[in-house]
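Per-entry structural report
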Amino acid sequence: MCGRFAQYQGLADYLRELNAEQDVISGYDNLPIGRYNVAPGSRVLILHRVDDGLRVDPCHWGWAPFWATGKRPAPINARVETVTTGKFFKALWPQGRALVMADGWYEWVADPHDAKRKQPYYIRLKSQAPMFMAALAEVHSGMAPNEGDGFVIITAASDEGMVDIHDRRPLVLEPADARIWIDADVPAEEAERLARERCLPVEAFEWFPVSKAVGNVRNDGAELIVMQDAEHQP
């Protein structure tokens, strides 16, 4: 799954990788976003399509349909196998396709000798390029929060060998596929097929242990993504 991630580069860096600079109508700069510990429930910059182009807007991480609000915590992830067919996300599919721009995400691995101890790992592309996570979102443009807005990151099955971190991982798309995913003219059937078949393989990623300080949402500095010696952490 994806429960924490990093989004620290400038918007222009992500858009350049996506070749989308000219398509964004909301305006942007290249000041570093500087978030190394993005947590559920916070507002996150996402890329989504409107009638006349692409927009970058802050959106709440977590979403539930109106009839499920308050019954349980709003999901932050959605399984690619069922997100297009289940009733829970029916209001978002397919018109709510969006992208979460990121630099990596975190997973926790249980100590085989002590289940209460968990070691966080940071996972990023081997190229260290920006990554694009497929998402579904309900978002109203503008800086002010809007009740009902939110997004979920779509997850795919983790292939064996990804540090055995979890049975799910974010659906990360290469830039060309990410452009297709967010294109409103692409039929739902094609977008669904892309999501099921085009997730970047394990071989595209690298991972390493990082400081357990990432477990505290108040910690949000660049030191969180520095490789650590897992055996000697407190």
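Values in this document were obtained by computation on a predicted structure and should not be read as measured data. (Residues numbered from 1 in each chain as written. Predicted model: local features only at pLDDT ≥ 70, side-chain atom pairs only at ≥ 80, totals over all residues. Heavy atoms only, no water.)

Digging into the side chain of H48
Positionally, H48 belongs in strand 3 (residues 43–50). H48 gets classed as buried once you look at its relative accessible area, which sits at 6%. Within the local environment of H48, its side chain forms a polar contact with the side chain of D57, the two groups lying 2.8 Å apart. Sequence-distant contacts of H48, that is, excluding residues within four places in its chain, are made with G53, L54, R55, D57, A98, V139, S141 and I182. (Helix = DSSP H or I, 4+ residues; strand = E, 2+ residues; numbered from the N terminus. Buried < 20%, exposed > 50% of the residue type's maximum accessible area, 1.4 Å probe, protein only. Polar contact = N/O pair within 3.5 Å; in protein donor to acceptor, adjacent residues only side chain to side chain. Contact = heavy atoms within 4.5 Å.)

Section: the pattern of salt bridges
Applying the stated rule across the entire model yields eight salt bridges. In this structure, R198 and E174 form a salt bridge, with 3.5 Å as the shortest nitrogen-oxygen distance. Taken together, the residues R198 in the loop between helix 3 (188–197) and strand 13 (205–209) and E174 in the loop between strand 12 (172–173) and helix 2 (175–181) connect sequence positions 24 residues apart. For R198, a relative accessible area of 41% corresponds to the partly exposed category. Residue classification places E174 among the partly exposed residues on the basis of a relative accessible area of 31%. The network of salt bridges with common partners includes E174, D177 and R198. (Salt bridge = Lys/Arg side-chain N within 4 Å of Asp/Glu carboxyl O.)

With respect to helix 1 (residues 11–18)
For helix 1, the full list of buried residues reads L11, A12, Y14, L15 and L18. The buried side chains of helix 1 occupy one side of the element, clustering within an arc of 160° when seen end-on. As for helix 1, its buried residues are in contact with strand 1 (5–7), strand 3, strand 4 (53–60), strand 6 (97–102), strand 9 (131–138) and helix 2. Just downstream of helix 1 lies N19, where phi reads positive at about 60°. (Arc of directions from axis to C-beta.)

Concerning the pairing of strand 3
For strand 3 and strand 4, the ladder comprises eight bridges, and the chain directions are antiparallel. Residue pairing for strand 4: H48 is matched across the bridge by R55. Taken together, strand 3 and the strand that follows it, strand 4, pair antiparallel across an intervening segment of two residues. Alignment of strand 3 against strand 6, held across three bridges, turns out to be antiparallel. Within strand 6, the position partnered with I46 by the bridge is V100. (Pairing = 2+ DSSP bridges.)

Observations regarding unusual backbone geometry
When glycine is set aside, most residues are seen to have a negative phi, and most peptide bonds are trans. W93 connects to P94 through a cis peptide bond whose omega is 0°. Its place among the elements puts P94 in the loop between strand 5 (77–79) and strand 6. Its identity is not glycine, yet N19 carries a phi of approximately 60°, on the positive side.

Observations regarding the layout of surface pockets
Approximately 350 Å³ is the volume attributed to the largest pocket. Taken together, 17 residues make up the lining of the largest pocket; nearest its centre are R49, Q95, G96, R97 and A137. Contributions of two or more residues to the lining of the largest pocket are made by strand 3 and strand 9. Looking at the lining of the largest pocket element by element, the count peaks at three residues for strand 3. Of the residues in the lining of the largest pocket, the class split is 10 nonpolar, three polar and four charged. (1 Å grid on protein atoms, 1.4 Å probe; cavity = no way out; pocket = protein on both sides within 12 Å on 5 of 7 lines; lining within 4 Å. Points joined across faces, edges and corners; volume = space filled by probe spheres on them. Nonpolar A, V, L, I, M, F, W, Y, C, P; charged D, E, K, R; others polar.)

Brief notes about the sheet that holds strand 13
Strand pairing within a sheet occurs via backbone hydrogen bonds; the two strands may be parallel or antiparallel. Pairing is antiparallel across the open sheet formed by five strands, whose spatial order is 2-1-7-8-13. A single partner strand is all that each edge strand has here, and the edge strands are strand 2 (35–38) and strand 13. Across the sheet, the axes of successive neighbouring strands diverge by a mean angle of 30°, strand direction being ignored. The pairing of strand 1 with strand 2 spans two bridges and is classified as antiparallel. Bridging across to strand 2, Q7 finds its partner in R35. (Axes fitted to C-alpha atoms, helices over the stretch in contact; angles between N-to-C directions.)

Considering empty space enclosed by the protein
By the definition in use, this model includes one cavity of 30 Å³ or more. There is about 30 Å³ of room inside the largest cavity. Lining the largest cavity are V80, V83, T84, W93, W181, A191, E192, A195 and R196. A per-element tally of the lining of the largest cavity places helix 3 first, with four residues. Split into classes, the residues belonging to the lining of the largest cavity amount to six nonpolar, one polar and two charged.

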